[in-house]
Amino acid sequence: MDNLIQIVSILAAAIAVSFGAIGPALAEGRAVAAAMDAIARQPESAGTLSRTLFVGLAMIETMAIYCLVIAVLVLFANPFVG
Amino acid sequence: MALDWWTLGLQTLNVLVLIWLLSRFLLKPIAAIIAERQQAASRLLDDAATAKDEARQIRDAAEQARAEADRQRAAALHKAEHDADLARRQRLQEAGAEIERRHQQAQEALDAEQQMLQTAIEARAGQLALAIADKLMQRLPASARVEGFIDGLVEGLETLPAETRQTLSHPGVSLLLKVPRSLTDAEHGACSAALQRALGHPLKLEVSVDSGLIAGLELETEHAAVRNSLRADLARLETEMTLNDLQRP
Amino acid sequence: MNESPLLTPTLFHAGPVPISGAVVVTWLLVAVITTASWALTRHLSLRPGKAQCVLELFVETLDNQIRDTMQVQPEPYRALIGTLFLYILAANWSSLVPGIEPPTARLETDIVLAMIVLLASIGYGVATRGVRGYLRTFAEPSWVMIPLNLVEQLTRTFSLIVRLFGNVMSGVFVLGITLSLAGLLVPIPFMALDLLTGAIQAYIFSVLAMVFLGAAVEAHPTPKTLENKEP
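Residues numbered from 1 in each chain as written. Chains lettered and ligands numbered in written order. Predicted model: local features only at pLDDT ≥ 70, side-chain atom pairs only at ≥ 80, totals over all residues.

Going by the annotation in an unreviewed UniProt entry, the name recorded for chain C is ATP synthase subunit a, with Modicisalibacter xianhensis given as the source organism. What UniProt states about chain C under its Sequence similarities (unreviewed entry) heading is, verbatim, "Belongs to the ATPase A chain family." Here is the UniProt Function (unreviewed entry) comment for chain C, exactly as written: "Key component of the proton channel; it plays a direct role in the translocation of protons across the membrane." (UniProt positions renumbered as here; feature names shortened; annotations may be inferred.)

Per an unreviewed UniProt entry, chain A goes by the name ATP synthase subunit c and belongs to Modicisalibacter xianhensis. UniProt's Sequence similarities (unreviewed entry) comment on chain A is quoted here verbatim: "Belongs to the ATPase C chain family."

1. A word on the overall build of chain C
Assigned secondary structure in chain C consists of six helices and two strands. The secondary structure elements of chain C, listed N-terminal to C-terminal, are β-β-α-α-α-α-α-α. Split into buried and exposed, the 231 residues of chain C put 37% on the buried side. Contacts in chain C between residues far apart in sequence, at least 24 positions, make up 62% of those at least 6 positions apart. (Helix = DSSP H or I, 4+ residues; strand = E, 2+ residues; numbered from the N terminus. Buried ≥ 20, exposed ≤ 12 C-beta atoms within 10 Å, placed from the backbone. Contact = placed C-beta atoms within 7 Å.)

2. A look at the overall build of chain A
Looking only at helices and strands, one finds two helices and zero strands in chain A. Across the 82 residues that make up chain A, the buried fraction comes to 20%. For chain A, the share of sequence-separated contacts (at least 6 apart) that also reach a separation of at least 24 residues comes to 82%.

3. With respect to the interface of chain B and chain C
Every contact between the two is made by 28 residues of chain B and, on the other side, 36 residues of chain C. Class assignment for the residues of the side of chain B that touches chain C results in 20 nonpolar, five polar and three charged. (Nonpolar A, V, L, I, M, F, W, Y, C, P; charged D, E, K, R; others polar.)

4. Notes on the UniProt feature "transmembrane region" (unreviewed entry) in chain A
Per the UniProt entry, the sites bearing "transmembrane region" (unreviewed entry) are residues 53-77 of chain A in this numbering. With 96% helix and 0% strand, residues 53-77 of chain A has end C-alpha atoms that lie 34 Å from one another.

5. Some points on the packing of helix α2 (residues 50-70) of chain C against helix α3 (residues 75-93) of chain C
All names here are of chain C. Viewed as axis vectors pointing N to C, α2 and α3 meet at an angle of 110°, and their least axial separation amounts to 10 Å. Looking at the two axes, α2 sits roughly perpendicular to α3. Contact residues: L62, D63, I66 and M70 in α2; Y77, R78, I81 and G82 in α3. Residue composition of the contact of α2 with α3, by class: five nonpolar, one polar and two charged. (Axes fitted to C-alpha atoms, helices over the stretch in contact; angles between N-to-C directions. Parallel < 35°, antiparallel > 145°, perpendicular 65-115°, else oblique.)

6. Re the pairing of strand β1 (residues 174-179) of chain B
Residues and elements named next belong to chain B. In the sheet, β1 pairs with strand β2 (residues 204-209) via six bridges, with the strands oriented parallel. By the bridge assignment, K178 is partnered in β2 with S208. Sheet analysis places β1 next to strand β3 (residues 218-220), joined by three bridges and oriented antiparallel. Note on β3: the bridge partner recorded for L177 is L219. (Pairing = 2+ DSSP bridges.)

7. Comments concerning the nonpolar core
All names here are of chain C. In terms of nonpolar packing, the biggest core is built from 70 residues, with I81, L84, Y87, F205, A209 and L213 touching the most fellow members. It is helix α6 (residues 187-217) that provides the largest number of residues to this core, a total of 13 residues. Ignoring any residue separated from it by four or fewer positions in sequence, one finds A209 in contact with I81, L84 and V117. (Core = buried A, V, L, I, M, F, W, Y, C linked by C-beta atoms within 7 Å.)

8. Brief notes about the confidence of the model for chain C
Residues and elements named next belong to chain C. Summarising the model, chain C shows a mean pLDDT of 85, and 93% of its residues fall at 70 or more. For chain C, strand β1 (residues 10-14) is the element with the lowest average pLDDT, namely 78, and α3 is the one with the highest, namely 92. Here residues 220-231 scores under 50 on pLDDT; set against residues more than four positions off or in separate chains, the count is 24 contacts. (pLDDT = per-residue confidence, 0-100.)

9. A closer look at the UniProt feature "transmembrane region" (unreviewed entry) in chain C
UniProt marks residues 20-40, 77-96, 111-127, 164-188 and 200-219 of chain C with the feature "transmembrane region" (unreviewed entry), using the numbering shown here. Summarising residues 164-188 of chain C: 80% helix, 0% strand, and an end-to-end C-alpha distance of 22 Å.

10. Observations concerning the sheet that holds β2 of chain B
In spatial order, the strands read β2-β1-β3-β4 (chain B); together these four strands make up an open sheet with mixed pairing. Looking along the sheet, the strands with just one partner apiece sit at the ends: β2 and β4 (225-226) of chain B.

11. Brief notes about the environment of A215 of chain B
Residues and elements named next belong to chain B. Along the chain, A215 turns up in the loop between β2 and β3. As a C-alpha pair, A215 and R231 span 16 residues in sequence and 7.6 Å in three-dimensional space. Aside from chain neighbours lying at most four places away, what touches A215 is M137, R145, F149, P180, S229 and L230.

12. Some thoughts on the pairing of β1 of chain C
Of all five residues in β1 of chain C, zero are buried; the element is thus mostly exposed. A loop of two residues connects β1 of chain C with strand β2 (residues 17-20) of chain C, the two strands running antiparallel in sequence, and G15 of chain C in this loop sits at a positive phi of about 65°.

13. Let's talk about α3 of chain C
Compared with an ideal rise of 1.5 Å per residue, which puts 19 residues at 27 Å, α3 of chain C spans 28 Å between its outermost C-alpha atoms and is within 8% of the ideal. The element α3 of chain C is extensively covered by neighbouring structure, given that 14 of its 19 residues are classed as buried. (Expected span 1.5 Å × (residues − 1).)

14. Here's the deal with helix α3 (residues 150-159) of chain B
All names here are of chain B. Those residues of α3 that fall on the buried side of the exposure criterion are L153, V154, G156 and L157. All buried residues of α3 lie within an arc of 160° about the axis, which places them on one face of the element. The exposed set on the far side of α3, more than 90 degrees from its buried face, consists of D151, E155, E158 and T159. (Arc of directions from axis to C-beta.)

15. Remarks on the packing of helix α1 (residues 5-139) of chain B against helix α1 (residues 21-40) of chain C
For any two helices packed against each other, one specifies the inter-axial angle together with the distance between the axes. Following both chains from N to C, one finds α1 of chain B and α1 of chain C inclined at 5°, their axes separated by 10 Å at the closest point. The angle between α1 of chain B and α1 of chain C places the two elements in the roughly parallel class. The residues of α1 of chain C that touch α1 of chain B, namely those facing T7, L10, Q11, N14, V17, L18, L21, L22, F25 and L26 of chain B, are A22, V23, T26, W27, V30, I33, T34, S37 and W38 of chain C. Looking at the contact of α1 of chain B with α1 of chain C residue by residue, the class counts come to 13 nonpolar, six polar and no charged.

16. Quick look at unusual backbone geometry
Residues and elements named next belong to chain C. You will see that Q71, though not glycine, has its phi angle at about 55°, which is positive. Position of Q71 relative to the elements: it lies in the loop between α2 and α3. Backbone geometry places L185, a non-glycine residue, at a positive phi of 65°. By secondary structure assignment, the location of L185 is in the loop between α5 (146-181) and α6.

See below:
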């Protein structure tokens with residue numbers, strides 16, 4: 001049974017990270033597209049837009065990081081193992 | 001998983017200490033220096049504003065002083081013009097007065113000369129008149145030179161004031177009768193009679209001959225005189241003519 | 001790869017007290033930051049040099065951020081927010097030094113930082129409105145919201161912890177994997193990305209701390225979104 005739990009844990013971690021990456025990837029794509037559009041419209045405000053874009057990307061990326069944390073938790077601190 | 005509680009506690013301590021240290025060594029001094037610079041800047045601005053105000057005041061004062069100087073200069077100029085005008089007018093006035101005076105003097109001199117001439121002419125005219133009258137009298141009968149004037153003498157006596165006539169009436173008074181030529185007895189008698197009639201009492205009559213009378217009788221006493229002669233008439237005429245001449249202009 | 005990033009290995013024991021690597025690195029960071037600021041602020045003058053200009057720019061930016069985000073005077077919050085930003089930035093960037101693992105990659109440090117923010121928000125809220133006034137903010141807009149507000153306090157603190165921890169830890173994790181696969185030159189882009197992530201995370205942590213404090217202090221919080229803020 002220990003083996004099964006570990007296999008499931010690894011599968012769960014992989015699924016968490018992969019599916020957890022989909023949403024933030026789409027969101028970041030939209031955010032970057034919108035930012036590029038805005039910069040193309042207003043090149044003079046490119047500085048402010050890019051700074052805001054970076055912060056927004058970091059916030060979106062945090063969603064993926066949450067999934068990564070869950071994966072790490074499952075892998076290294078699995079409460080059902082040991 | 002298990003938390004390391006010691007690490008937790010120590011990190012808490014570390015972060016709190018770091019907060020205090022940074023507040024003490026970094027943030028407060030920087031904030032203080034920023035505030036100080038702001039104060040200094042505002043003070044400098046205030047100083048600049050004060051200096052600007054002072055400069056403006058000085059400029060205003062200078063402007064005022066200049067305006068004052070201008071005003072004084074204008075006043076001085078005006079005064080000088082006024083003085084000059086006054087002096088000129090005074091000079092003109094003096095000159096006018098001088099001219100007037102000279103003119104008057106000349107006029108007076110002229111007048112005096114004219115007067116003198118007039119007087120001379122009149123004197124000549126009087127003499128001429130006398131001579132003419134003398135010549136005319138020569139043609140008349142000799143009696144006319146005396147008798148024709150007795151009535152005039154009486155009238156002259158009557159025109160005298162009453163008091164004078166009283167003094168004449170006094171018996172002791174001697175009357176001087178001036179005649180142009182020595183009287184005949186008839187003439188003397190006629191004169192005495194006329195005078196006696198006029199004065200009311202006999203009187204002592206002295207007779208003196210004065211050919212300058214030309215014709216007529218004149219009575220003289222100590223107090224009064226009756227001019228009743230051709231000479232006196234001519235003299236009166238002459239005086240009146242002279243008076244008329246003087247009054248005419 | 002067998003080493004769990006969730007566990008904090010003990011470096012040595014000082015008497016009965018186990019000292020971990022994160023604590024030692026934090027001590028070093030405290031010493032370096034304090035010494036640097038003491039040296040830089042020792043000769044402040046009204047005519048600033050380059051270093052003083054940079055420091056003043058930093059402090060003024062910090063003040064402006066606090067003023068914009070919290071709508072209050074920055075005086076009481078400057079030390080907390082500034083220290084959070086500087087410490088997280090220094091900790092994140094300390095991974096550049098070989099052999100040093102950033103303290104923020106350990107869960108305990110992030111918990112400590114987030115708990116300090118939580119306690120500070122409670123403390124400033126109580127100090128500003130009094131105990132009853134602060135407790136009444138949990139019943140806004142109505143008493144139905146009380147459980148939700150309580151949960152929000154916990155979840156946002158938890159998200160603060162996990163955001164910082166996950167970002168820094170993942171950076172370290174990816175860097176370790178890259179190093180184990182290819183030693184030379186390959187990790188450099190990842191290190192650059194780590195620098196960017198570290199700076200952005202320090203800024204985000206500070207801004208979120210400001211938002212939480214502002215929400216606790218303000219009567220009607222108008223939490224500023226993260227747009228229009230300079231990192």
